[in-house]
Amino acid sequence: MRGLFSFALCYNTLMRLNKYIAAAGVCSRRKADELIANGNVKVNGKVVREMGTNVEEGDSVSVNGTPIEANESKVYVVVNKPPGFVTSMSDDKDRPTVAQLVADIPERLFPVGRLDYNTTGLLIMTNDGDLTYTLTHPKHEVSKTYVATVAGVLSNVRLAKLRKGVDIGGFVTSPAQVRVLKQNPRSAVVEISIHEGKNRQVRKMFAAVGNKVQSLERTAIGDIRLGRLLQGHYRKLTRAEVEYLKSL
Ligand code: URA
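None of these values were measured; they are calculated from a predicted model. (Residues numbered from 1 in each chain as written. Predicted model: local features only at pLDDT ≥ 70, side-chain atom pairs only at ≥ 80, totals over all residues. Heavy atoms only, no water.)

J.: Looking at this structure, how should I read unusual backbone geometry?
T.: Glycine aside, residues mostly have negative phi angles, and peptide bonds mostly take the trans form. Its identity is not glycine, yet Asn-64 carries a phi of approximately 50°, on the positive side. Note on placement: Asn-64 falls in the loop between β5 (61-63) and β6 (66-68). Backbone geometry at Glu-141 places phi at a positive 50°, although glycine is not the residue there. Along the polypeptide, Glu-141 turns up in the loop between α3 (129-136) and β10 (144-151). The class of Glu-141 is exposed, set by a relative accessible area of 53%. (Helix = DSSP H or I, 4+ residues; strand = E, 2+ residues; numbered from the N terminus. Buried < 20%, exposed > 50% of the residue type's maximum accessible area, 1.4 Å probe, protein only.)

See below:
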């Protein structure tokens, strides 16, 4: 599929299709294999399902109809996601997406993991598929820290339950670090660090002990901190931060 936005390879050698897709930052090689098997990948306009397929200079590759390019430099940014943004590249309901927050960066960046529609805060975006794999694979257990405002009083009994692990519907969470930053008469501001990334995990954990989350912000992934970055803005990660993330 060639056109205004299609790109040609700049390699003289053959490259495995799954490696090419990961190098373009779309996803990990393993996920790329799934995309290939599911018929989501086209080479020169034709669906390719064979795992061992190689691509070479002059081939054009598209994933889900979007042309991709593997020979671009790697870009790593931290975005402060505002509420009301979807963590994906496009949305069938036409809601704002995080892709719009990095629209002035020429490389096509993908979000690392997900934040709910109304969750705010730290989101890493990159075109480095291998780093995405490292940070999202459960075995790497990267800690993620959130500040939640929850309804009601967070009693010591509830705190102890959250720290020990709670059942969030067929899954018992592993021990979490939890501390109350502020107890108001009708709500509490709580910092919580977890190592897993189940869907809506923090909201479900508080619901499990009887406190509804009113607002949720991610403030850190490992040692990478949101700091004073304004909502809707991004900053490039420093070289040291990228090296740190790759070492996890
Ligand atoms: N946990 C949640 O409940 N929501 C998020 O967006 C992230 C973690």
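J.: What is the right way to read the site of the ligand from this model?
T.: Surveying the vicinity of the ligand reveals the residues Leu-115, Asp-116, Thr-119, Tyr-146, Arg-200, Gln-201, Val-202, Arg-203 and Leu-216. At 2.7 Å from an oxygen atom of the ligand is found a main-chain nitrogen or oxygen belonging to Asp-116. Note that an oxygen atom of the ligand is positioned 3.4 Å from one of the backbone N or O atoms of Gln-201. Computed on the free molecule, the ligand has an accessible area of 230 Å², of which 96% lies beneath the protein chains in the complex. Here the element with the most residues in the shell around the ligand is helix α5 (residues 201-209); it accounts for three residues. Counted by class, the shell around the ligand contains four nonpolar, two polar and three charged residues. Residue-level mapping places the shell around the ligand at the junction of two domains, with at least three residues from each of domain 2 (76-138 + 224-247) and domain 3 (143-221). (Near = heavy atom within 4 Å. Polar contact = N/O pair within 3.5 Å; in protein donor to acceptor, adjacent residues only side chain to side chain. Areas by Shrake-Rupley, 256 points an atom, 1.4 Å probe, with all protein chains shown as cover. Nonpolar A, V, L, I, M, F, W, Y, C, P; charged D, E, K, R; others polar. Domains from an automatic or database assignment.)

J.: Is there a simple way to think about the pattern of salt bridges in this case?
T.: Any two side chains of opposite charge can pair, given that their charged atoms come close. Taken as a whole and assessed by the stated rule, the structure comprises six salt bridges. As a salt-bridge pair, Arg-203 and Asp-116 come within 2.8 Å of each other at their nearest N and O atoms. Of this pair, Arg-203 sits in helix α5 while Asp-116 sits in the loop between β8 (110-111) and β9 (120-126); the two residues are 87 residues apart in sequence, bridging distant segments of the chain. Assigned by exposure class, Arg-203 and Asp-116 land together as buried. (Salt bridge = Lys/Arg side-chain N within 4 Å of Asp/Glu carboxyl O.)

J.: What's the story with the packing of aromatic side chains in this structure? I'm lost.
T.: In this description, an aromatic ring pair is defined by two values, namely the gap between the centres and the angle between the planes. All chains considered together, the criterion is met by zero aromatic pairs. In this structure, Arg-95 packs its charged tip against the face of Tyr-117, placed 5.0 Å from the ring centre. Against the face of Phe-171 rests Lys-198, its NZ or CZ located 4.6 Å from the ring centre. (Phe/Tyr/Trp six-rings, centres within 6.5 Å; stacked < 30°, edge-to-face > 60°. Lys NZ or Arg CZ within 6 Å of the ring centre and 35° of its normal.)

J.: Looking at this structure, I do not really get the sheet that holds strand β3 (residues 46-47). What am I missing?
T.: Through backbone hydrogen bonds, the strands of a sheet pair up, either in parallel or in antiparallel fashion. Read from one edge to the other, the open sheet built from four strands follows the order β3-β2-β5-β6, with strand pairing classed as antiparallel. Two strands bound the open sheet, and with one partner strand each, they are β3 and β6. Where strand β2 (residues 41-43) and β3 come together, two bridges link them in antiparallel fashion. Pairing of Val-43 across the sheet is with Lys-46, part of β3. (Pairing = 2+ DSSP bridges.)

J.: Explain the nonpolar core here, please?
T.: Proteins that are soluble and globular tend to have nonpolar side chains buried together. Of all hydrophobic cores here, the largest spans 32 residues; its most connected members are Val-77, Met-125, Leu-154, Ile-192, Met-205 and Phe-206. Mapped by element, the contributors of at least two residues to this core are β7 (76-81), β9, β10, α4 (156-164), β12 (187-194), α5 and β13 (213-221). Two domains each provide a minimum of three residues to this core, namely domain 2 (76-138 + 224-247) and domain 3 (143-221). In this structure, Leu-17, Val-41, Val-48 and Phe-110 belong to the second largest nonpolar core, which totals 20 residues. (Core = buried A, V, L, I, M, F, W, Y, C linked by side-chain atoms within 4.5 Å.)

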